[in-house]
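Notes for the structure review
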Amino acid sequence: MEKLLTNKQAILGRIAKACELAGRSPSSVRLIWVSKTQSVSAVEAAIALGARDFGENRVQEALEKFLPQREGISCRIIGPVQKNKLRKAVQVAQAIDSVADLESMLKLEALCEEADKNLEVLFQVNASEEDTKSGLSMQEAFNFLTSLPEPKRLIYKGLMTIGKNTGKPEDSRVCFAFLRDLRDGIFNSQPKFKHFTELSMGMTDDLEIAIAEGATMVRVGTALFGSRIAILST
Ligand SMILES: *Cc1c(COP(=O)(O)O)cnc(C)c1O
């Protein structure tokens, strides 16, 4: 708990500094606490310290930690979801940030209709073009997005990406800049994208670069909760 508080303060400090350098208000960047592999008690401790938005990359883990839902606390799914897990994802999540194919999107639309709920979606783009990462390719993203049907229960909120995994945060800048330009282009393209304002990018190592390039959400795991058990980390 002590450690979590120190870590939280350090991260808020980094976010504030990066915002200042970018001439942005710190309130324009939301901190997503990536609690994957962490325990329920770690989540409770984070909530006690003011955490409101959590990110999980596995639906099963999200169910264990975020049902029943707590007032004011949101769980975002930030990893790819198998089609047979979408129903459960809709039960637990306020947002799915990793949508990257039409079939899943249509299925989510139907499931939300059935559950009588609205769901925010971000579309994941593989802007680092690393084979190990999922998401829309940079080439296909614009056409894919502008061809989407009018949303009903879904709210098209924006884009998500993971920076380059080179060990040098600066290498991710081009990915983040690409994502921002794509977001701007989509936002201005059609009325169905009137809520398309979010850019989820930046993690423990590269959040400063992401904020400089316009991130509205940074997803931080390690720098808050400490390192994950190697076997479970992705
Ligand atoms: C694990 C994960 C994070 C958090 O990464 P850290 O480097 O631990 O901050 C962010 N986004 C996604 C999609 C992840 O899977």
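Residues numbered from 1 in each chain as written. Predicted model: local features only at pLDDT ≥ 70, side-chain atom pairs only at ≥ 80, totals over all residues. Heavy atoms only, no water.

The subject of this paragraph is empty space enclosed by the protein. Following the criterion strictly, the structure yields one cavity of 30 Å³ or more and no others. Of the voids in this model, the largest cavity is the one considered here, and its volume is about 40 Å³. Forming the boundary of the largest cavity are Phe66, Gln69, Arg70, Ile73, Ser74, Cys75, Val92 and Gln94. Looking at the lining of the largest cavity residue by residue, the class counts come to four nonpolar, three polar and one charged. (1 Å grid on protein atoms, 1.4 Å probe; cavity = no way out; pocket = protein on both sides within 12 Å on 5 of 7 lines; lining within 4 Å. Points joined across faces, edges and corners; volume = space filled by probe spheres on them. Nonpolar A, V, L, I, M, F, W, Y, C, P; charged D, E, K, R; others polar.)

Turning to helix H6 (residues 138-146), its buried residues number three or more, namely Ala141, Phe144, Leu145 and Thr146. Of the surrounding secondary structure, the elements contacted by the buried residues of H6 are helix H5 (102-115), strand S5 (119-124), strand S6 (154-160) and helix H7 (173-187). (Buried < 20%, exposed > 50% of the residue type's maximum accessible area, 1.4 Å probe, protein only. Helix = DSSP H or I, 4+ residues; strand = E, 2+ residues; numbered from the N terminus. Contact = heavy atoms within 4.5 Å.)

Once that is clear, we can look at the pattern of salt bridges. The final tally for this structure, using the stated rule, is 18 salt bridges. Between Arg14 and Glu208 there is a salt bridge whose closest N-O contact spans 2.7 Å. Taken as a pair, Arg14 in helix H1 (residues 2-22) and Glu208 in helix H8 (residues 207-212) lie far apart in primary sequence, 194 residues in all. Asp184 is the salt-bridge partner of Arg183, the closest N and O atoms lying 2.9 Å from each other. Taking relative accessible area as the criterion, Arg183 reaches 13% and is therefore assigned buried. Connected via shared salt-bridge partners are Glu170, Arg173, Arg180, Asp181 and Glu213. (Salt bridge = Lys/Arg side-chain N within 4 Å of Asp/Glu carboxyl O.)

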